[in-house]
Every structure is written in C-alpha cells, then in structure tokens.
Amino acid sequence: ADSGVGTFRGAGGLWSGLTGRLLLLYGATPLGWWLTPGFTWVHFVRSFYAPVARAVPHRGYEALSRLQAEAFPQGAATCVTMNVDGLHQAVGTADVREIHGSVRRFRCGRCGQPVDVTAPLETAASCASAPRCF
C-alpha cells in the first residue's frame, strides 16, 4: 500500500496462504500468547508491528483530514477506520474510531491493564516475552 504497510488478507498479504493463516490462528489468539509468549511477541514485532511503525501517511490521509476540517468545521464528522496504524491521527484527523484497535496501544495479557511500551519495540530474538504490567 502507499503508506508502506502491506495488505494483510490480499494476495501476498501477511495472513495469506497456509502459513499466514496458521500464524494468524495461533499468534492472533490468546492461546498463542499464553503458550509461547516470547515466540509470539517476536513474530508480532517483526512481521506486524515493525512495518506499521515505519509507515508514513500518504496524501490520501492528508486529503481526508483537510476534508474533515473544511467541510465539517464544527467537528460533526467522525473518521471510522479498519486501519491499525494511527496514520489518520498522525495527519491531524479528529475523532478517529479504530474498529480493529491500534498497534500503538497495548494491554497486559494477564490482567487487561494498559501497558506503556516505548517505541521502537524490541525485535531481538532475545526478547523473552511481551511486556506486562507486573
């Protein structure tokens, strides 16, 4: 895609093909995080988070943000997105609703509390597990 984030379900996407589907079923579920948190975390950071963290908004994001600001100056327009990259917010779009959440916010897998994570995330194989609140 134009921002540098590949597609996930399209041809050649991260979740396409047998391997991609198996990784999605395993790594995108609590079971994968519970059984092998270190493996799942490293895979998440390298395959999913890193490309999103490097992404930059393209002109389409800027155009939508300008449209929202100019056509709805009283803040009557909500931006609803399936994107998880935070690029709408990066260009100043107001009132963004992220259907699938964001890779820029984390919660503890044990208790559900927010976890502060400093970017860029640790991508070394030596990273023992995902960050936790305790």
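For the structure given in this document, a descriptive report is provided here. No experiment lies behind these values; they were computed from the predicted model shown.

## What to know about the overall build of the protein chain
Move 1: When you go through the protein chain residue by residue, the secondary structure sums to five helices and four strands.
Move 2: Along the protein chain, from the amino end to the carboxyl end, the secondary structure elements read α-α-α-α-β-α-β-β-β.
Move 3: Buried residues in the protein chain amount to 31% of all 134 residues.
Move 4: Within the protein chain, contacts between residues at least 6 apart in sequence are counted, and of these 49% link residues at least 24 apart.
Move 5: Carbon and sulfur atoms form 58% of the exposed surface of the protein chain, whose accessible area is close to 8700 Å².

## Concerning the nonpolar core
Move 1: Within the largest apolar cluster, 15 residues are counted, with the highest numbers of intra-cluster contacts made by Trp41, Phe44, Phe48, Tyr49, Val103 and Phe106.
Move 2: With six residues, helix α3 (residues 37–54) is the largest single contributor of residues to this core.

## Focus on a nonpolar patch on the surface
Move 1: On the surface, a cluster of nonpolar side chains totalling about 350 Å² of accessible area is made up of Leu18, Leu22 and Leu25.
Move 2: Assessed through its relative accessible area of 65%, leucine 18 is described here as exposed.

## Re the side chain of glutamine 68
Move 1: Of note, glutamine 68 is situated in helix α4 (residues 59–71).
Move 2: At 2.8 Å, the side chain of glutamine 68 forms a polar contact with the backbone oxygen of alanine 77.
Move 3: Other than its neighbours up to four places away in sequence, glutamine 68 contacts Pro73, Ala77, Thr78, Cys79, Thr93 and Ala94.

Thresholds applied
- Residues numbered from 1 in each chain as written.
- Predicted model: local features only at pLDDT ≥ 70, side-chain atom pairs only at ≥ 80, totals over all residues.
- Heavy atoms only, no water.
- Helix = DSSP H or I, 4+ residues; strand = E, 2+ residues; numbered from the N terminus.
- Buried < 20%, exposed > 50% of the residue type's maximum accessible area, 1.4 Å probe, protein only.
- Contact = heavy atoms within 4.5 Å.
- Areas by Shrake-Rupley, 256 points an atom, 1.4 Å probe, with all protein chains shown as cover.
- Core = buried A, V, L, I, M, F, W, Y, C linked by side-chain atoms within 4.5 Å.
- Patch = residues over 30% accessible without salt bridge, like charges linked within 9 Å, V, L, I, M, F, W, Y side chains within 5 Å.
- Salt bridge = Lys/Arg side-chain N within 4 Å of Asp/Glu carboxyl O.
- Polar contact = N/O pair within 3.5 Å; in protein donor to acceptor, adjacent residues only side chain to side chain.

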